[in-house]
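Spelled out from the first residue to the last, the chains are:
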Amino acid sequence: MTAVADERVARAGLARRLLIRPELGAVVGLVLVFAFFAAQSEVFRSPDGIANWLDPAATLGIMAVAVALLMIGGEFDLSAGVLTGTSGLVLVTLATRFGFNVWAAMLAGLVVALAVGFANGIVVTRTRLPSFIVTLGTFLMLQGVNLGVTKAITGTVQVSGLRRADGFELANAIFAGTIDIGGTAFRVAILWWIAVTAVATWVLMRTRAGNWIFAVGGNEQAARAVGVPAARTKIALFMTTAFAAWLVGSILALRYTSVQANVGIGQEFIYIIAAVIGGCLLTGGYGSAIGAAIGALIFGMADKGIVFLGWDADWFTFFLGAMLLLATLANRLVRRYAEEVRH
């Protein structure tokens, strides 16, 4: 009598394993977008052009990866965009108006950002209110604080003069400088983006914390029942998003040496779009950090590619909307196929 292999331990083929990966749709989209713009513009595919579209992809990618982790955990953070502005304002204000060393001002900005992330996590987990509502409230409060405090201190909506602060040169070189590769200057932020993506991928795929993130996003009650610290996991995810906001806010503040009080407002939706394009489901429990990074890369290509082709910038918002709808449909189909494979 021939023994029948247990389907639970059967090995899936390479093609099937690739088809159920959450970032599959983003990879296909990346290839198509690159091929389209590269065929139309010589500048786009040149080293200078690549450096040009990697730059916005990097800062967006840092945030998109953190937001993706939070979305996989089943939550949203609408305050992430404005928090980048808050972090930058704390840095520049303390360094230029109160005589702080840049490094001390950055540390203060980190403390403020992590406190906001912790508060978001505590309120969401303790009250069980939707994170959409909680972080929308935080968004509005931070927006008011950014404008009110900046006007009170400077009389305007901008703080500037960071270049003259102690410690600026070293901090600028590490977070906002450039590196020369083959005669082309690439932003250091690209390395931070790669590092954040690598760490996030390792956490998701190789650690117990990664299992907890998928578990609380897929079914929080079931996760609690098997001993997953759901509340601590979600608080940590909100703080991770806050850390990313601090990093991006510091990078931009050091790069431009000034910060507008309204910077970052509206970017939270771009972060979510990049994560969705990268394979994250709005319902949680599914996605990848690499996918979110690819979603950000698509954003950077389109952002600069449209400029290189001389198109009206309004077409970029059309592109984002189209990519969001297509990515959501593709993610749904891939997810459905993945569930059929597992069953």
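Residues numbered from 1 in each chain as written. Predicted model: local features only at pLDDT ≥ 70, side-chain atom pairs only at ≥ 80, totals over all residues. Heavy atoms only, no water.

**Here's the deal with the overall build of the chain**
Argument step 1. Within the chain one finds 14 helices and four strands.
Argument step 2. Taken over C-alpha atoms, the radius of gyration comes to 21 Å for the chain, in line with the 20 Å a tight globule of 343 residues would show.
Argument step 3. Its C-alpha atoms give the chain principal-axis dimensions of roughly 85 × 55 × 35 Å.
Argument step 4. Relative to its 343 residues, the chain shows a buried fraction of 49%. (Helix = DSSP H or I, 4+ residues; strand = E, 2+ residues; numbered from the N terminus. Rg over C-alpha atoms; globule rule 2.2 N^0.38 Å. Buried < 20%, exposed > 50% of the residue type's maximum accessible area, 1.4 Å probe, protein only.)

**Re the environment of Ala104**
Argument step 1. Turning to its location among the elements, Ala104 is positioned in helix 5 (residues 102-127).
Argument step 2. A relative accessible area of 36% places Ala104 in the partly exposed class.
Argument step 3. For the pair Ala104 and Ala189, spaced 85 residues apart in sequence, the C-alpha to C-alpha distance is 21 Å.

**What about the environment of Leu326?**
Argument step 1. The residue Leu326 is located in helix 14 (residues 314-342) in this model.
Argument step 2. Judged by relative accessible area, which is 55%, Leu326 ranks as exposed.
Argument step 3. Residues Leu326 and Leu247, spaced 79 residues apart in sequence, show a C-alpha to C-alpha distance of 30 Å.

**Brief notes about the pairing of strand 2 (residues 178-181)**
Argument step 1. For strand 2 and strand 3 (residues 184-187), the ladder comprises four bridges, and the chain directions are antiparallel. Paired with Asp180 across the two strands is Ala185, which belongs to strand 3. (Pairing = 2+ DSSP bridges.)

**What about the pattern of salt bridges?**
Argument step 1. Counting across every chain of the model gives four salt bridges.
Argument step 2. In this structure, the salt-bridge partner of Lys234 is Glu220, at a minimum N-O distance of 2.9 Å. Pair noted here: Lys234 is in helix 11 (residues 230-256) and Glu220 is in helix 10 (residues 220-225), with a separation of 14 residues, a long-range link. For the residue pair Lys234 and Glu220, the accessibility class agrees, reading buried in each case.
Argument step 3. Each of Glu75, Glu220, Arg224 and Lys234 takes part in one network of salt bridges that share partners. (Salt bridge = Lys/Arg side-chain N within 4 Å of Asp/Glu carboxyl O.)

**Let's talk about the side chain of Asn172**
Argument step 1. Looking at the element boundaries, Asn172 is found in helix 7 (residues 168-175).
Argument step 2. Using a relative accessible area of 17% as the deciding quantity, one classes Asn172 as buried.
Argument step 3. Excluding residues within four positions of it along the chain, Asn172 makes contact with Gly177, Leu254 and Arg255. (Contact = heavy atoms within 4.5 Å.)

**As for empty space enclosed by the protein**
Argument step 1. Under the definition given, this model contains one cavity of 30 Å³ or more.
Argument step 2. The space that makes up the largest cavity amounts to roughly 40 Å³.
Argument step 3. Lining the largest cavity are Leu60, Ile270, Ile273, Ala274, Ile277, Gly295, Ile298, Phe299, Phe319 and Leu320.
Argument step 4. Those elements giving two or more residues to the lining of the largest cavity turn out to be helix 12 (267-277), helix 13 (289-308) and helix 14.
Argument step 5. Sort the elements by how many residues they give to the lining of the largest cavity and helix 12 lands first, with four residues.
Argument step 6. Residue classes in the lining of the largest cavity are distributed as nine nonpolar, one polar and no charged. (1 Å grid on protein atoms, 1.4 Å probe; cavity = no way out; pocket = protein on both sides within 12 Å on 5 of 7 lines; lining within 4 Å. Points joined across faces, edges and corners; volume = space filled by probe spheres on them. Nonpolar A, V, L, I, M, F, W, Y, C, P; charged D, E, K, R; others polar.)

That is the geometry; function is a separate question.
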